[in-house]
Each structure stands twice: as structure tokens, then as C-alpha cells.
Amino acid sequence: MKRCIACGAPLSAEPLLTIENMPAAAQHLPRPEDAATERGVTLRLCACTGCGLTQLDTEPVSYYRDVIRSGGYSETMDKLRRAQYDAWIPAFHLEGKKILEAGCGQGEFLSILAAYPVKAYGMEHFHELVVKAREKGLTVAEEYPEREDQVFENGPFDAFTSFNFLEHQPDPAAYLRAIANNLTAGGAGLVTVPSFEYILEENSFYEFIPDHLSYFTEDSLSSLLNRCGFDVLKKERVNRDTISVWIKKKARPDVSGLIEKQKSIARDITGLVNEAAARGKVAIWGASHQGFSIAASLGLGDKICYIIDSAPFKQGHIAPSSHIPIVSPDAAAADPATCILIVAPGYTEEIAARICEKFPAGTEIWTLRSDVPERLTDRREA
Ligand SMILES: [Zn+2]
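Definitions and limits used
- Residues numbered from 1 in each chain as written.
- Predicted model: local features only at pLDDT ≥ 70, side-chain atom pairs only at ≥ 80, totals over all residues.
- Heavy atoms only, no water.
- Pairing = 2+ DSSP bridges.
- Helix = DSSP H or I, 4+ residues; strand = E, 2+ residues; numbered from the N terminus.
- Contact = heavy atoms within 4.5 Å.
- Axes fitted to C-alpha atoms, helices over the stretch in contact; angles between N-to-C directions.
- Donors = N, O, S within 2.8 Å, 3.2 Å for Na, K, Ca; no water.
- Tetrahedral: all angles 85-135°; square planar, octahedral: opposite > 155°, others 65-115°.
- Buried < 20%, exposed > 50% of the residue type's maximum accessible area, 1.4 Å probe, protein only.
- Right-handed = clockwise from strand over helix to strand, strands pointing away.
- Patch = residues over 30% accessible without salt bridge, like charges linked within 9 Å, V, L, I, M, F, W, Y side chains within 5 Å.
- Areas by Shrake-Rupley, 256 points an atom, 1.4 Å probe, with all protein chains shown as cover.
- Salt bridge = Lys/Arg side-chain N within 4 Å of Asp/Glu carboxyl O.
- Domains from an automatic or database assignment.
- Parallel < 35°, antiparallel > 145°, perpendicular 65-115°, else oblique.
- Left-handed = near helix turned anticlockwise from the far one by under 90°.
- Nonpolar A, V, L, I, M, F, W, Y, C, P; charged D, E, K, R; others polar.
- UniProt positions renumbered as here; feature names shortened; annotations may be inferred.

Engineer: Tell me what's going on with the sheet that holds strand 12 (residues 282-285), and back it up with residues and numbers.
Structural biologist: Strand order in this open sheet of 6 strands is 14-13-12-15-16-17, and the pairing throughout is mixed. This sheet does not close on itself; its edge strands, each paired only once, are strand 14 (326-327) and strand 17 (373-376). Relative to strand 16 (residues 364-368), strand 15 (residues 339-342) is paired through 4 bridges, and the arrangement is parallel. The residue of strand 16 that forms the bridge with Ile340 is Ile365. Against the sheet, helix 10 (residues 348-358) makes contact with strand 12, strand 15, strand 16 and strand 17, and its axis sits at roughly 160° relative to strand 15, the strand it touches most.

In C-alpha cells, the structure reads:
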């Protein structure tokens, strides 16, 4: 069973399309003396049953790390890149920032970028192309985004570009994660790939080539980028046959509030329980994960007489870690606590009403339903 190069899920058992006698590669063309041995290949286009990426199930070409472009000047590409840089650089405030082109070839597009008020860097695996790019005065590392733990020369970068290179990658997720790990927080990206939607619109079987392993739609490209640490902010079709996306490195969730409140909740609850325990018995109502966590993490095992819960299957057990006994409301009422802390967000009012029914007047009722314990008024006193 073959697996998806982007997510590892199985590929569909039957190929979507099989094409015989296709060229084995689009670069490093054979010479006349190779004619006796050089042969066509069979291409099978398959769909991933997980992420949906359409892909060839063939081995990558030997030179997939290299970015071999025609090298000649094309007015169409020149205009397109300028239009893309004109919009993208100000949108992400990249003036003065470090931008990496992953797979820059001999610097065809990097030299255009270098004329903008940014710090332009290139990365290219093919030595001859690196030499040519450096001869143009460009700063280019001889490298390839291979592994997630790779530390790039000249990094970290504030942004990156990748022009029609991702579809060549036998491990596109490792390629993207390696780049993401060499970007600063919130780093931006401008990525283009050939559009599979375009091939479907034109019914152009002759677009398939072993150099291109992945055939991205806007959806399957976004899905891959999301799984590799990026948010997709804009996607569009450019030059008829190309998907272009603006992406941004995902921010890690900000848990500073959680860390801060963990301390204040611990202080407040410990203070409340210690004071109440000096006056009488203290109980918790609610034998679920919130109450268990409070009792265990604050070390309240010897301060809480029991945890009350109306679910019969919990009664007779003890709370994990704190080992406080779990009892029924009736058993608790027979040996009443003088202070009850309700830890069952969502059921607080219902439980407070039951306490008023079953427990003596004057029972102190507290609840924790946000980050501060609240004293509830006994209805009988109101
Ligand atoms: Zn997949």
C-alpha cells in the first residue's frame, strides 16, 4: 500500500489516471548516444484518502533539490514577480526585513527582490547555480530545506518565498516545517505552485511530469500549510495556471494568563479552605476533573472531608491523587460540612439549591467557576 507524501495516509487503491510512455524527467535531457537505453515511464495519478492531495506514486527525480529554470529573461515572469512583491512586501511590513527565497536557482527572481528595500537571501542546492547567483552579487547559501531541525545559514528570516518548488518535494511537510523553524515569530511567506484546478479545467494530461510529484488545489495546499505551522491569509490564481498564497507562521497560544491565574487561584482556594477548616468541616461538591484537579494540585487531601456527587457510580470511590472519599448528597447531609465549595461549572445554581434543601441553615457556600472563588448567598438568608 502506497502512502501520501504529504500526510502519510493511504493513497486510493486504484489510480485516478494512468498514462503510459511519459518522459521520465524534464531536465538533464538525454543525448543521442542515450537513445538505445532511454525509455518512457508510466505515470499513475493517485488521490490521498486523508488530506486529499493528488500526487504521482513514483520516485522523485534525482535532482528534486535543484531549481533549474530556463534562465532566460521572460517579461511575463518579471512582471508577475514585481506585482507580487509590490503587494506582499508592504502588506507584511517587510521593508528592511530579511527575506529568504527557498530554491532560488541562479537568482532569476531573487535579483528582482534584491532591488526592493529588503534584505534578500537565497538558498539553492545546485552548486553551479549557487556560483552563478553569487556572481550576480546575491547572497545565496548552498543548502536545501531537508530536515525540521535544520538551522539555515544566514537565518532566522522574517519571511520567505518559494516559487514553484513545493510540488517537486518528496517530503513537502519536512520542507515547509524546516522553513517555518527558521522564521521569526509571525514570519510571512509567499508560495506559488502549479494549479491542479487549471489542469482539470484544461483537461491537459500533458501537464503531468515526474518532476512534479504533487498536484495541489487551493484546498489541499492550504491543508498542508496549516499542518506545517502556517495560517493561509490569501489565496489566488495568478498567470492562469498558478496558485499563489500569502501565509503567516502560526503563533503559539498565549498561556501567560493561565500561568498567572494558576498561582492566584491556588492562593485564593488554599486560603479559603484553611480558614474554613479552622471553623469546621470543608467539602467539595462535584466529583469530576475540575474538583479532582483543584484538590490534587493544591494538596487539599487532608483538609477536605469528602467530595459530594449525585452520580451513584462515583460514590464509594476516592478522588484520584488526593484520595478524598466521594459520597452521596444524603450521606453528606447526615454528617454535614460547614463549608461547601462547588466545583462544577455549569451546574452551580442547581447544586446551590440542593445544598439549601439538604444542609443546615448557615452552611457557607462557595463556588469556583472562573478564576476567582465567589461566596454564594444562602437563599434562606436572603
Ligand atoms: Zn495526504
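Engineer: Go over the coordination of the zinc ion, please, and point to the residues and values.
Structural biologist: Bound to the zinc ion on the protein side are Cys4 (SG), Cys7 (SG), Cys48 (SG) and Cys51 (SG), at distances that span 2.3 to 2.4 Å. In this structure, the zinc ion is coordinated by 4 donor atoms arranged in tetrahedral fashion, with angles at the metal of 100 to 116°. For the zinc ion, the donor residues sit on a single chain with the sequence spacing C-x2-C-x40-C-x2-C. With a gap of 44 residues between them, Cys7 in the segment before strand 1 (17-22) and Cys51 in the loop between strand 2 (41-47) and strand 3 (54-56) connect regions that are remote in the sequence. When its relative accessible area of 33% is taken as the criterion, Cys7 is described as partly exposed.

Engineer: Describe the pairing of strand 15, listing the residues and the values that go with them.
Structural biologist: A two-sided burial pattern is seen for strand 15, the buried positions comprising Cys339 and Leu341 on one face and Ile340 and Ile342 on the other. Relative to strand 15, strand 12 runs parallel, the two sharing 4 bridges. In the strand pairing of strand 15, Ile284 is matched with Leu341. You can see the chain leave strand 15, run along helix 10 and come back into strand 16, and the turn it takes is right-handed.

Engineer: Please give an account of the pairing of strand 16 that cites residues and values.
Structural biologist: The buried fraction of strand 16 amounts to 5 of the 5 residues, a majority that puts the element mostly inside the structure. Burial along strand 16 is two-sided: the face carrying Glu364, Trp366 and Leu368 and the face carrying Ile365 and Thr367 are both buried. With 4 bridges joining them, strand 16 and strand 17 adopt antiparallel strand pairing. Counted as the bridge partner of Ile365 is Leu376 from strand 17. Hairpin connection, strand 16 to strand 17: the antiparallel pair is bridged by 4 residues.

Engineer: Let's hear about a nonpolar patch on the surface: which residues, and what values?
Structural biologist: Together, Val255, Leu258 and Ile259 make up a nonpolar patch on the protein surface, roughly 280 Å² of accessible area in all. By the element assignment, Val255 lies in the loop between strand 11 (242-249) and helix 7 (256-279).

Engineer: Kindly report on the sheet that holds strand 10 (residues 230-238), identifying the contributing residues and their values.
Structural biologist: The 7 strands lie next to each other as 6-5-4-7-8-11-10, forming an open sheet whose pairing is mixed. The two strands at the open ends of the sheet, each matched to only one other strand, are strand 6 (139-142) and strand 10. The sheet shows a mean angle of 20° between the axes of neighbouring strands, direction not considered. Relative to strand 5 (residues 119-124), strand 4 (residues 98-102) runs parallel, the two being bridged by 5 bridges. Counted as the bridge partner of Ala102 is Met123 from strand 5. The strands that helix 3 (residues 127-135) touches are strand 5 and strand 6; relative to strand 6, the one it contacts most, it runs at about 165°.

Engineer: Any chance you could break down the environment of Gly229 for me, citing the residues and the numbers?
Structural biologist: Within the secondary structure, Gly229 sits in the loop between helix 6 (218-227) and strand 10. Residues Gly229 and Cys48, spaced 181 residues apart in sequence, show a C-alpha to C-alpha distance of 20 Å. Ignoring any residue separated from it by four or fewer positions in sequence, one finds Gly229 in contact with Lys248, Lys249 and Lys250.

Engineer: Lay out the domain arrangement of the chain with the relevant residues and their values.
Structural biologist: Segmenting the chain into domains produces domain 1 (61-249) and domain 2 (262-376). Placing the centre of domain 1 and that of domain 2 at their C-alpha centroids yields a distance of 57 Å.

Engineer: Outline the pattern of salt bridges, supporting the account with residue identities and numerical values.
Structural biologist: A complete count under the given rule lists 18 salt bridges for this structure. Its salt-bridge partner being Glu236, residue Lys234 comes within 3.9 Å of it at the nearest N-O pair. With a relative accessible area of 28%, Glu236 lands in the partly exposed category. Asp268 is the salt-bridge partner of Arg267, the closest N and O atoms lying 3.7 Å from each other. Residue Arg267 is classed as exposed on the basis of its relative accessible area of 57%. Taken together, the shared-partner salt bridges connect Arg69, Glu101 and Glu108 into one network.

Engineer: So what about the packing of helix 4 (residues 172-180) against helix 6? Which residues, and what values?
Structural biologist: Close contact between helix 4 and helix 6 brings their axes to 9 Å; oriented N to C, the two are set at 50°. With respect to helix 6, the element helix 4 is oriented oblique. Note that helix 4 runs across helix 6; the crossing there is right-handed. Residue-level inspection shows Pro172, Ala173, Leu176 and Arg177 of helix 4 in contact with helix 6, the latter providing Leu224, Leu225 and Arg227. Class assignment for the residues of the contact of helix 4 with helix 6 results in 5 nonpolar, no polar and 2 charged.

Engineer: Describe the UniProt feature "domain: C-methyltransferase" (unreviewed entry) in the chain, naming the residues involved and giving the relevant values.
Structural biologist: Those residues carrying the UniProt feature "domain: C-methyltransferase" (unreviewed entry) are residues 262-359 in this numbering. The span residues 262-359 is 45% helix and 15% strand, and its two end C-alpha atoms sit 31 Å from each other.

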